[in-house]
Amino acid sequence: MNFSSPTSRIEDGLFLPEGASLFTRLRVAVRALKVLEKRPDDSVAAPLLNASLDGDVFQRLCSELAKSEDGRELLASRPSLQRGNIDLAALGRLPEGTLGNAFARYFSDNGIQPFESPYEVRNDVDYLIKWYRETHDLHHVVTGYKTDALGEMELQAFVAGNLGLRTSVLILLFAAVLKPHGLPPFWKYLRKVRAAYRRGQRSEKLVRVRYERFWEAPVEAVRQQLGILPLTQA
């Protein structure tokens, strides 16, 4: 497996050589995580963190996708939810309660813009890492987890159960030790983290979904199709 990243910033120690050892990958991952604590949308640190810890996981996900017609189509067409590839104004005009309308409102309500990842996509693994990063905000919409610090931890726990990403586990551990962004002690929200993890285990893998095909569908219908339990039942 090629664990190198398609992007780097050497002055910050954000560089992952091809064939890096486990120790090197962990060291680079911790450096990337420290950058992301201050700049959550850093376009170098984010994909580097995923490549360092989860290159083999994304490779396995690619192999799983290649076994189905929809998965092969996703990897072949490589859809994107980057800023230049979606029309938020048009999505915002869709009926209230639809996935597209909820996605557009998510950005306006939080005063943010869609994700951008300027790095080169060399292969299917690079693409799936990029797709996972691009769909993070949409994952908030379909899971119902808030964008505050606790909601982010719940989403990371959901992803750990859903995709098995070590990155998400590291983020949870990092947050439990350092308590960034006003997080309470870990034991106070451990129950919610466990529930989110189990909820993610029971759901369809989120990276498989061609979300642009569901813009006009009600959010609740999309959740049902993905097997995402209501928060009250999780």
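The shown structure was predicted, so the numbers you read here are calculated from the model rather than taken from an experiment.

> Residues and numbers for the overall build of the protein chain, please.
When you go through the protein chain residue by residue, the secondary structure sums to 11 helices and zero strands. The order of helices and strands in the protein chain, counted from the N terminus, is α-α-α-α-α-α-α-α-α-α-α. Here the C-alpha atoms of the protein chain give a radius of gyration of 17 Å, agreeing with the 17 Å that 2.2 N^0.38 yields for 234 residues. Along the first, second and third principal axes, the C-alpha atoms of the protein chain reach 50 × 45 × 35 Å. With 234 residues in all, the protein chain has 50% of them scored as buried.

> Give a description of the packing of helix 7 (residues 136–143) against helix 11 (residues 219–226) that names residues and reports values.
Where helix 7 contacts helix 11, the axes come no closer than 9 Å and their chain directions differ by 95 degrees. One finds that helix 7 runs roughly perpendicular with respect to helix 11. Between helix 7, through V141, V142 and T143, and helix 11, the contact on the second element is made entirely by V219, V222 and R223. Considered class by class, the residues forming the contact of helix 7 with helix 11 number four nonpolar, one polar and one charged.

> Break down helix 7 for me, with residues and values.
Counting buried positions along helix 7 yields eight of eight residues, so the element is predominantly enclosed. Taken as a whole, helix 7 has its buried residues at H136, D137, L138, H139, H140, V141, V142 and T143.

> Now, about the layout of surface pockets: what can you tell me, with residues and values included?
What the largest pocket holds in volume is close to 940 Å³. Taken together, 33 residues make up the lining of the largest pocket; nearest its centre are L36, P40, D41, H136 and E152. Mapped onto the lining of the largest pocket, the elements with two or more residues apiece are helix 1 (22–38), helix 2 (45–65), helix 5 (99–110), helix 6 (124–134), helix 7, helix 8 (149–163) and helix 9 (166–178). Per-class residue counts for the lining of the largest pocket are 17 nonpolar, eight polar and eight charged. Empty space within the second largest pocket amounts to approximately 300 Å³. What lines the second largest pocket is a set of 14 residues, among which Y145, E154, K192, A195 and L231 lie closest to the centre.

> Help me get a handle on helix 2, residues and values and all.
Helix length check: helix 2, at 21 residues, gives a terminal C-alpha distance of 26 Å against a target of 30 Å (1.5 Å per residue), a shortfall beyond 12%. Of all the bends in helix 2, the greatest measures close to 85 degrees and is centred on D54. For helix 2, a buried count of 16 out of 21 residues is recorded, marking the element as mostly surrounded by other parts of the structure.

> Which residues make up the packing of aromatic side chains, and what are the values?
Scanning all chains against the criterion turns up eight aromatic pairs. Centre to centre, the rings of F103 and W215 are 5.4 Å apart; their planes meet at 15 degrees, and the pair counts as stacked. Remark: W215 occurs in the loop between helix 10 (186–202) and helix 11 and F103 occurs in helix 5; sequence separation between them is 112 residues. With respect to class, F103 is no different from W215; both count as buried. Ring geometry for F186 versus Y189: centroids 5.1 Å apart, planes at 80 degrees, classification edge-to-face. Highlighted residues: F186 and Y189, both in helix 10, separated by three residues, approximately one helical turn.

> Explain unusual backbone geometry to me, using residue names and the numbers behind them.
Its identity is not glycine, yet R78 carries a phi of approximately 50 degrees, on the positive side. With respect to the helices, strands and loops of the structure, R78 is situated in the loop between helix 3 (69–77) and helix 4 (88–92).

> Before we move on, can you summarise the environment of Y211 with the specific residues and values?
Along the chain, Y211 falls in the loop between helix 10 and helix 11. Taking the relative accessible area as the measure of exposure, Y211 reaches 0% and is therefore buried. Along the chain, Y211 and N101 lie 110 residues apart, while their C-alpha atoms are 13 Å from each other. Look past the residues within four positions of Y211 in its chain and what remains in contact with it is L99, W131, T135, L138, H139, V142 and L206. Of the polar contacts made by the side chain of Y211, one reaches the backbone oxygen of L206; its length is 3.0 Å.

Parameters and conventions
- Residues numbered from 1 in each chain as written.
- Predicted model: local features only at pLDDT ≥ 70, side-chain atom pairs only at ≥ 80, totals over all residues.
- Heavy atoms only, no water.
- Helix = DSSP H or I, 4+ residues; strand = E, 2+ residues; numbered from the N terminus.
- Rg over C-alpha atoms; globule rule 2.2 N^0.38 Å.
- Buried < 20%, exposed > 50% of the residue type's maximum accessible area, 1.4 Å probe, protein only.
- Axes fitted to C-alpha atoms, helices over the stretch in contact; angles between N-to-C directions.
- Parallel < 35°, antiparallel > 145°, perpendicular 65-115°, else oblique.
- Contact = heavy atoms within 4.5 Å.
- Nonpolar A, V, L, I, M, F, W, Y, C, P; charged D, E, K, R; others polar.
- 1 Å grid on protein atoms, 1.4 Å probe; cavity = no way out; pocket = protein on both sides within 12 Å on 5 of 7 lines; lining within 4 Å.
- Points joined across faces, edges and corners; volume = space filled by probe spheres on them.
- Expected span 1.5 Å × (residues − 1).
- Bend = angle between axes of the 7 residues up to and from the residue.
- Phe/Tyr/Trp six-rings, centres within 6.5 Å; stacked < 30°, edge-to-face > 60°.
- Polar contact = N/O pair within 3.5 Å; in protein donor to acceptor, adjacent residues only side chain to side chain.

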